[in-house]
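Fold and contact review
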Amino acid sequence: MTATKGLEGIVATTSSISSIIDGVLTYRGINIDELAENATFEEVAYLLWYGKLPNRSELNGLIQQLSEYAQLPNEVLEQIKLFPKDVNSMAALRTAVSSLALYDPEAGDMSPEANLRKAIKLQARLTTIVAAFARIREGKEPIAPKANVSIAENFLYMLTGQNPDKVAIEALDKALVLHADHELNASTFAARVTVATLSDIYSGVTSAIGALKGPLHGGANEAVMAMLEEIGTLDNVESYINNKLANKEKIMGFGHRVYKNGDPRAKHLQKMSRELSNLTGNMNWYNMSVKIEELVTGQKGLKPNVDFYSASVYTSLKIPRDLFTPIFAISRVSGWTAHILEQYENNRLIRPRAEYTGPANQPYVPIEQR
Ligand code: ACO
């Protein structure tokens, strides 16, 4: 038995949800470029869960269902109020999502109908949790969700208490579309491994949030912004990047396990970053990002991934840096739950093997003789 480090190139399941073939990403066979230009996030979530685009009444039905579920159980809101104010926002999200299960009477109902309802509940409630946590830690009251508006609009509204402008809603909506699913990425795999034991959907999503949190996965978008802030100005970019590369340090937001010729989502986020920076009148983060890309691609051949330009997009939308990864989760929970439903439909325990590299034939030494 020989291990494949990081399971690179291992095909661990079949799936009909999203594909990456020759560098092209599709959701249910539809090219991400078409979805990014035309679809709303709710249409995409419907597509991932039901396997087809919704008609007008199906879409309205989903938006209404999301509205009905968006309010958090009071007990969960009260728990969030007890969290330390300076806690990591992904840790807060992970804990709050886990406790949602305690107040859902159908948490243990494994029927396909109940699991689909819970997927929609999780989608609605993750959005409310992130906004509520962001306000509560600042000593503000959480804002109740609005009915019958998009996830993007509701999130910005619940975060700020103000009606967001159309440009901000559209930009966030597009970012959510771009992050919704991505084949067997680390967090989706974590979700599938968890539910393949026939554990419940809340356990699967909690596992996924834990996996997304790390800086090699979803946590990279925050790390990119931290790097931009550390560099500070365009003039400092060259020496900073050259120094990092000379020390063989990783530049966050670059590289990908699957894409070697560029991440198809990155160009959309770059365009959004340029347009939003233009509108806000602050081109600094965008210009620095372009310069970093020139240097990293020029010297290492590494291309930006989905996280790189997300950082300047969210900053232009005045979203605090440590909410970037939770926003990724707000989008990706659509994909996680679609994968969980797919796993349940045709389940088999996921249990690979390990190549043993420890010593052999060791005697048991009694404790007095050690
Ligand atoms: N900066 C500098 N060098 C890099 C980078 C980077 N961002 N990414 C890869 N490399 C180098 C590695 O040092 C390694 O070089 P070596 O062969 O000389 O040792 C080589 O490229 C291969 O890199 P691995 O880390 O083995 O590639 P792997 O497929 O395991 O990792 C990953 C992919 C985790 C995305 C990696 O590129 C990385 O750490 N990037 C930075 C973090 C990041 O942006 N993560 C978000 C990914 S997208 C997402 O999850 C949403």
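Data block above holds the structure.
Now for a description of the structure that goes with this document. Within each chain, residue numbers correspond to sequence positions counted from 1 in written order. In keeping with the model being predicted, local features are shown solely for residues with a pLDDT of at least 70 and side-chain atom pairs are shown and tallied solely at 80 or more, while totals for entire chains, interfaces and linings include all residues. To get the side-chain values, all heavy atoms of the structure are used, and hydrogens and water are removed first.

**Focus: helix α15 (residues 306-316)**
Note the following rule: Partly exposed residues are those whose accessible area sits between 20% and 50% of the maximum for their type, while under 20% is buried and over 50% is exposed, using a 1.4 Å probe and protein chains only. We count a stretch as a helix when DSSP gives it H or I for four or more residues in a row; a strand needs E for two or more, and each element gets its number in order from the N terminus. Should any heavy atoms of two residues lie within 4.5 Å, those residues are counted as being in contact. Whenever two N or O atoms come within 3.5 Å, that pair is a polar contact, provided that in protein one can donate a hydrogen and the other can accept it, and provided that, for residues adjacent in sequence, both atoms are side-chain atoms.
Most of α15 sits out of view: 10 of its 11 residues are buried. For α15, the complete set of buried residues consists of Val306, Asp307, Phe308, Tyr309, Ser310, Ala311, Ser312, Val313, Tyr314 and Ser316. Tucked inside the fold, the buried residues of α15 contact α8 (166-179), α11 (220-231), α13 (266-280), α14 (284-300) and α16 (324-345). Two or three places before Asp307, at the opening of α15, Asn305 has a side-chain oxygen 3.0 Å from that residue's backbone nitrogen. Following α15 by one or two positions, Lys318 adopts a phi angle in the positive range, close to 65 degrees.

**Describing the packing of helix α12 (residues 234-246) against α14**
Using the following cut-off: Only C-alpha atoms enter the line fits that serve as axes; for helices the fit covers just the stretch in contact. Angles between N-to-C directions range over 0 to 180 degrees. Helix crossings are classified by the rotation of the near helix relative to the far one: an anticlockwise turn of less than a right angle makes the crossing left-handed, while a clockwise turn makes it right-handed. Basically, the charged four are Asp, Glu, Lys and Arg, the nonpolar ten are Ala, Val, Leu, Ile, Met, Phe, Trp, Tyr, Cys and Pro, and anything else, Gly included, counts as polar.
As a packed pair, α12 and α14 sit with axes 10 Å apart at the nearest point and diverge in direction by 35 degrees. Pair α12 / α14 crosses with right-handed handedness. Only Asn284, Asn287, Met288, Lys291, Ile292, Leu295, Val296, Gln299 and Lys300 of α14 make contact with α12, whose side of the interface consists of Leu234, Val237, Glu238, Ile241, Asn242 and Leu245. For the contact of α12 with α14, the residue count by class is eight nonpolar, four polar and three charged.

**Considerations on the pattern of salt bridges**
Heads up, the condition is: Basic side-chain nitrogens of Lys or Arg form a salt bridge, by our definition, when they fall within 4 Å of a carboxyl oxygen of Asp or Glu.
In total, this model carries 17 salt bridges according to the counting rule given. Two residues, Asp322 and Arg137, come together in a salt bridge whose shortest N-O distance is 2.5 Å. Here Asp322 is found in the loop between α15 and α16, whereas its partner Arg137 is found in the loop between α6 (112-136) and α7 (151-160), with 185 residues between them in sequence. Given a relative accessible area of 18%, Arg137 falls into the buried group. Of the charged contacts, one joins Glu249 and Lys244 as a salt bridge, the two residues approaching to 2.9 Å between their closest N and O atoms. What emerges from the salt-bridge pattern is a single network uniting Asp104, Glu106, Arg117 and Lys121.

**Describing the packing of aromatic side chains**
Definition in use: Only the six-membered ring of Trp is used, alongside the rings of Phe and Tyr, when aromatic pairs are assigned; centres must lie within 6.5 Å, and planes under 30 degrees apart are stacked while those over 60 apart are edge-to-face, with the rest tilted.
Taken as a whole and judged by the stated rule, the model has five aromatic pairs. When the ring of Phe254 is compared with that of Phe308, the centres are 4.6 Å apart and the planes differ by 55 degrees; the resulting orientation is tilted. Linking Phe254 in the loop between α12 and α13 with Phe308 in helix α15, this pair joins segments that are 54 residues apart in sequence. Neither Phe254 nor Phe308 differs from the other in exposure class; each is buried. Consider the rings of Phe308 and Tyr309, whose centres lie 4.9 Å apart with planes at 80 degrees: the pair is edge-to-face. Tyr309 carries the same exposure label as Phe308, and that label is buried.

**What about the site of the ligand?**
The test is simple: Throughout, the term near means that a residue has one or more heavy atoms lying within 4 Å of the molecule or strand in question. Surface accessibility follows the Shrake-Rupley procedure with a 1.4 Å probe radius. Residue values consider only the protein chains on display as shielding.
Near the ligand, the surroundings consist of 19 residues, among which His217, Lys250, Ile251, Gly253 and Arg257 are the closest. At 3.0 Å, a backbone N or O of Leu216 approaches a nitrogen atom of the ligand. The contact in question runs from a nitrogen atom of the ligand to an N or O atom on the backbone of Ile251, over 2.7 Å. Relative to its unbound accessible area of 920 Å², the ligand is 67% covered by the protein chains.

Bear in mind that shape data such as this cannot, by itself, settle questions of function.
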